Amino acid sequence: MKRIIAAVVCIFSIALFALPSSAIAGGDASAGAAVFSANCAACHMGGMNAVQAEKTLQKDALEKYGKNTPDAVTTQVTNGNGAMPAFGGRLSESDIENVAAYVLSQADKGW
């Protein structure tokens, strides 16, 4: 019995470490919805942009400005840019990953 358990643990460990980190890491879009509502919606309600109208969170605008990947969105939220303030000191890393997942998910759905 111990050998079976050891084999299962070994196989699981190998599979876990063999997966790319992006398959393991990543945000939770449903958790990101609450973060977005509390921190982003004032300027980005419905995927729009109240400050710079052309820089929306719509899929085509995200692609145009190179903000259409999880890394690009997390960098933008963490560091800010232009009129957007940095949230890196206010939100946890997981909150930022979650809001990035939410933004990209909503962009794919058309908000």
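A short tour of the structure in this document, coming up. This structure is a prediction, so every number in the text was calculated from the model and none was measured. (Residues numbered from 1 in each chain as written. Predicted model: local features only at pLDDT ≥ 70, side-chain atom pairs only at ≥ 80, totals over all residues. Heavy atoms only, no water.)

## Details of the packing of aromatic side chains
Line of reasoning, step 1. Under the definition given, this model contains three aromatic pairs.
Line of reasoning, step 2. Look at Phe36 and Trp111: their rings are 5.4 Å apart centre to centre, the planes differ by 40°, and that puts the pair in the tilted class. In this pair, Phe36 sits in helix H3 (residues 29–39) while Trp111 sits in the segment after helix H7 (93–109), placing the two residues 75 residues apart along the sequence.
Line of reasoning, step 3. Exposure remark for Phe36: the relative accessible area of 4% places this residue in the buried category.
Line of reasoning, step 4. With relative accessibility at 23%, the residue Trp111 sits in the partly exposed group.
Line of reasoning, step 5. On the basis of an interplanar angle of 85° and a centroid distance of 5.8 Å, the ring pair of Tyr102 and Trp111 is categorised as edge-to-face. (Phe/Tyr/Trp six-rings, centres within 6.5 Å; stacked < 30°, edge-to-face > 60°. Helix = DSSP H or I, 4+ residues; strand = E, 2+ residues; numbered from the N terminus. Buried < 20%, exposed > 50% of the residue type's maximum accessible area, 1.4 Å probe, protein only.)

## Some details on the packing of H3 against H7
Line of reasoning, step 1. The interhelical angle for the contact between H3 and H7, taken along N-to-C directions, is 100°, at an axis separation of 7 Å. If you check the angle between H3 and H7, you find them roughly perpendicular. Residues Ala29, Ala31, Gly32, Ala33, Val35 and Phe36 of H3 lie in contact with H7, whose contacting residues are Asp95, Asn98, Val99, Ala101, Tyr102, Val103 and Ser105.
Line of reasoning, step 2. Within the contact of H3 with H7, the residues separate by chemical class into nine nonpolar, three polar and one charged. (Axes fitted to C-alpha atoms, helices over the stretch in contact; angles between N-to-C directions. Parallel < 35°, antiparallel > 145°, perpendicular 65-115°, else oblique. Contact = heavy atoms within 4.5 Å. Nonpolar A, V, L, I, M, F, W, Y, C, P; charged D, E, K, R; others polar.)

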